Amino acid sequence: MEVPVGPIHAGIIEPGHFRFSTIGERILHLDARLFFTHRGLEKSAEGLPAGRALVVAEHLCGVCSAANAVAYCQAVEALAGPAAGDLPPRAAGVRAVALELERLYNHVGDVGNVCAGVGFAAGTMHGARLREALLRLNETVLGHRYLRHVCAPGGVRRGLSPRFAEGLARELHKLRREFDRFCDLLADEDSLQERLLGTGVLPREVAVALGAVGVAARASGVDVDLRRDLPYGAYARHQDEFGEPGAWPAPRRGGLGPWRIGRTQADLGFRGVPTYDAGDVRARVQVRIDETHRSFLLLQALLEPLREEPPAREPLRVPLGPLATDRAGVGWTESPRGASVHWLMADTEGRVLRYHARTASFANWPCVALAAPGNMVPDFPLINKSFELCYACCDR
Amino acid sequence: VPPEALVDACARQIGAGARLLTVVATDERERDGVFRLRYLFAAPREGSHPGRITSIELRLDAAHPSFPSVTAAAPAVHWDEREVRDLFGLEPRGHPDPRRLVLDDDWPDDRYPLRRVLPARPRSRPGTRAARAARA
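Residues numbered from 1 in each chain as written. Chains lettered and ligands numbered in written order. Predicted model: local features only at pLDDT ≥ 70, side-chain atom pairs only at ≥ 80, totals over all residues. Heavy atoms only, no water.

Visitor: How would you sum up helix 3 (residues 78-88) of chain B? Please name residues and give values.
Guide: One turn of an α-helix holds 3.6 residues; hence residues three or four places apart share an orientation. Along helix 3 of chain B, 11 of the 11 residues are buried, which leaves the element largely enclosed by surrounding structure. Within helix 3 of chain B, the full set of buried residues consists of His78, Trp79, Asp80, Glu81, Arg82, Glu83, Val84, Arg85, Asp86, Leu87 and Phe88 of chain B. Looking at the buried residues of helix 3 of chain B, the elements they touch are strand 8 (352-358) and helix 12 (360-371) of chain A together with strand 1 (19-28), strand 2 (34-42), strand 4 (66-68) and strand 5 (91-93) of chain B. Immediately downstream of helix 3 of chain B, the backbone of glycine 89 of chain B shows phi near 70°, a positive value. (Buried < 20%, exposed > 50% of the residue type's maximum accessible area, 1.4 Å probe, protein only. Helix = DSSP H or I, 4+ residues; strand = E, 2+ residues; numbered from the N terminus. Contact = heavy atoms within 4.5 Å.)

Rendered as structure tokens:
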């Protein structure tokens, strides 16, 4: 039987057409068709001055704007300087703070959204409330709920004063406690745990072959994180936060049954990149919970130097040199969804000759289609939400 | 690399544990008469040395822009190659999926949006005086 879904969906999500070939309730094959609202962004960046094309990169995706903006700026800086180490330390710090705040509100909201996939309304609402608190915090400290207009080639457009850094650290500490309580609520919900277990398995070999990135890769046992593997910006100074590859402990079992999602088991002192072997929805949710926890701690470390009074006359931005035309600039970040790689080539007048962005969603969409077969059609929304990919990132 | 060495070069990267970063095509016919295609890989971290980025570059003849598909050796690039075919008209020979990925089925067969012969933005913006004058 064929079950067509979309491209128009209930709710305010973007267009994508899913065609399920099923035998009874089981999905035999899934054909996903995306790119319905391709905007030609790469083309529209051509001919713009490299500084102005930041607008294009920043608006590529609604919920990874900071990650895309930083990656684009790094690509520009690779062509025009300053060298990665010569960015003003406060500017590099603010960029990393924005990137981690972005990860926080995404992951917290996504954990809540998975509850929506199983109809656990209390969890959905808790997640939405915490996400909203984080978004308002973004607006208070960096001026934009979705962290736009923070980054600029050569530095940042907005600084973070010591007083704000202090306040942000205090607020985050409070929100971390609330997030832990939210996780305890999920841990006690048997009907949620049952639905997540063994649903939408992405086997490790498939994840490796398809080059899965981000949460989807780490939940399938592929230990990758660009913040550790190709350190950039302020992350280079905080490498000890990421530990050695393969350092993350196996999940703890609370009895004889399979392990369940819940509050992160890593204690305060533990460092590493959360990785699980199971590859199911449960593992993807747990990776998000653990990364949220890690981000809260990483933010405390990142905010530490920002709480001190900056040296007088340290600029937020340094001027760029002329753009190199003999090579291409590459910039990358680990967005909440995984690797976001921006590639830039300039002409002799400092304008964009070619701009290309490959975001995590582009890399991971083919994985969704391969995680679905064998599951029930009604579980697909849950599987899709556990990947939480973006349509706009393909329609760029 | 020469076209016949492309698949091997990419397979060697994957075999060494490198991960695909991105695939970029450029239309550089104005500069030196060719299309270029680049496969970027990130080599894994070794001890305290951070990973390294390798770019495998291929020149494609403007008259017959096609290249051997890497998808069979590195499935991670299969969407990238379909996208390059749609937007640049560079044909991945032996790609397992001949369908369009990005463009609508009704899009004309011989128009490739990212080739530089098509302007990046309309010469006159709709609704402006210049556009009305052009229409009249």
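Visitor: Describe the sheet that holds strand 2 (residues 17-23) of chain A, and please don't skip the residues or the numbers.
Guide: Residues and elements named next belong to chain A. An order of 1-2-3 is seen for the three strands of this open sheet, with the pairing classed as antiparallel. With one partner strand each, in any of the chains shown, strand 1 (2-5) and strand 3 (26-33) form the two edges of the open sheet. Each adjacent strand pair in this sheet contributes to an overall mean axis angle of 20°, direction not counted. Pairing between strand 1 and strand 2: four bridges, direction antiparallel. Among the inter-strand pairings, valine 3 is bridged to a residue of strand 2, identified as phenylalanine 20. (Pairing = 2+ DSSP bridges. Axes fitted to C-alpha atoms, helices over the stretch in contact; angles between N-to-C directions.)

Visitor: Please give an account of the interface of chain A and chain B that cites residues and values.
Guide: On the chain B side, the residues contacting the 40 residues of chain A number 37 residues. Buried surface at the junction of chain A and chain B, both sides included, amounts to about 3,300 Å², of which 57% is carbon and sulfur. For the interface between chain A and chain B, the tally reads five salt bridges. Remark: the boundary between chain A and chain B carries 14 residue pairs in polar contact (both at pLDDT 80 or more). Put simply, the parts of the chain that give the side of chain A that touches chain B at least two residues each are strand 3, helix 1 (41-45), helix 10 (226-229), strand 6 (329-335), strand 7 (338-346), strand 8 and helix 12 of chain A. In terms of residues, the side of chain A that touches chain B owes the most to one element, strand 8 of chain A, which gives four residues. When the residues that make up the side of chain A that touches chain B are grouped by side-chain class, the tally is 22 nonpolar, seven polar and 11 charged. (Buried area = accessible area lost by both parts, 1.4 Å probe. Salt bridge = Lys/Arg side-chain N within 4 Å of Asp/Glu carboxyl O. Polar contact = N/O pair within 3.5 Å; in protein donor to acceptor, adjacent residues only side chain to side chain. Nonpolar A, V, L, I, M, F, W, Y, C, P; charged D, E, K, R; others polar.)

Visitor: Which residues make up the confidence of the model for chain A, and what values go with them?
Guide: Put simply, chain A has an average pLDDT of 90, and 98% of its residues get 70 or more. Looking at the elements of chain A, mean pLDDT is at its lowest for strand 1 of chain A, recorded as 87, and at its highest for helix 5 (residues 121-142) of chain A, recorded as 95. (pLDDT = per-residue confidence, 0-100.)

Visitor: Break down helix 12 of chain A for me, with residues and values.
Guide: Residues and elements named next belong to chain A. Here helix 12 is 12 residues long and its end C-alpha atoms lie 17 Å apart, about the 16 Å a rise of 1.5 Å per residue gives. Taken across its 12 residues, helix 12 has 11 buried, putting it largely inside the fold. Within helix 12, the full set of buried residues consists of Ala360, Ser361, Phe362, Ala363, Asn364, Trp365, Pro366, Cys367, Val368, Ala369 and Ala371. (Expected span 1.5 Å × (residues − 1).)

Visitor: How would you summarise the sheet that holds strand 1 of chain B if you had to cite specific residues and measurements?
Guide: Residues and elements named next belong to chain B. Taken in spatial order, the three strands line up as 1-2-3 in an open sheet, and their pairing is antiparallel. What marks the edges here is a single partner per strand, and that holds for strand 1 and strand 3 (53-61). With strand direction ignored, the average angle separating the axes of adjacent strands in the sheet is 15°. Strand contacts of helix 1 (residues 3-15): strand 2 and strand 3, with the helix running at about 165° to strand 3, the strand carrying the most contacts. Against the sheet, helix 3 touches strand 1 and strand 2, its axis set at about 15° to strand 1.

Visitor: Please give an account of the pattern of salt bridges that cites residues and values.
Guide: Residue and element names in this part refer to chain A. This structure, assessed with the given rule, holds 45 salt bridges over all chains. A salt bridge links arginine 263 to aspartate 184; the nearest nitrogen and oxygen atoms lie 2.6 Å apart. Remark: aspartate 184 occurs in helix 6 (residues 162-187) and arginine 263 occurs in the loop between helix 10 and helix 11 (281-306); sequence separation between them is 79 residues. On the basis of relative accessibility, which here comes to 40%, the residue arginine 263 falls in the partly exposed class. Salt bridges sharing common partners tie together Glu100, Arg103, Arg218, Asp225, Arg227, Glu291 and Glu334.

Visitor: With reference to specific residues and values, describe the side chain of asparagine 384 of chain A.
Guide: With respect to the helices and strands, the residue asparagine 384 of chain A is situated in helix 13 (residues 380-387). Every residue in contact with asparagine 384 of chain A, bar those within four places of it in the chain, is listed here: Phe18, Trp365, Val368, Leu389 and Tyr391 of chain A.

Visitor: With reference to specific residues and values, describe the packing of aromatic side chains.
Guide: Tallied over the full model, the rule gives 13 aromatic pairs over all chains. Plain terms: the ring middles of phenylalanine 362 of chain A and tryptophan 79 of chain B are 5.5 Å apart, the flat faces sit at 75° to each other, and that makes the pair edge-to-face. Of this pair, phenylalanine 362 of chain A sits in helix 12 while tryptophan 79 of chain B sits in helix 3, which puts the two residues in different chains. Residue phenylalanine 362 of chain A shares its accessibility class with tryptophan 79 of chain B, and that shared class is buried. Ring-pair connections join several aromatic residues into one group, and the members of that group are Phe18, Phe20, Trp365, Phe380 and Tyr391 of chain A. A cation over an aromatic ring shows up here: arginine 282 of chain A above the ring of tryptophan 259 of chain A, its NZ or CZ 4.1 Å from the ring centre. The ring of phenylalanine 387 of chain A carries the charged tip of arginine 284 of chain A above its face, separated from the ring centre by 4.0 Å. (Phe/Tyr/Trp six-rings, centres within 6.5 Å; stacked < 30°, edge-to-face > 60°. Lys NZ or Arg CZ within 6 Å of the ring centre and 35° of its normal.)

Visitor: Could you give an account of the environment of glutamate 25 of chain A, with specific residues and numbers?
Guide: Residues and elements named next belong to chain A. Relative to the assigned elements, glutamate 25 resides in the loop between strand 2 and strand 3. A relative accessible area of 46% places glutamate 25 in the partly exposed class. When the C-alpha positions of glutamate 25 and alanine 83 are compared, they lie 56 Å apart, and in sequence the two are 58 residues distant. Look past the residues within four positions of glutamate 25 in its chain and what remains in contact with it is Asn375, Met376, Val377 and Pro378.

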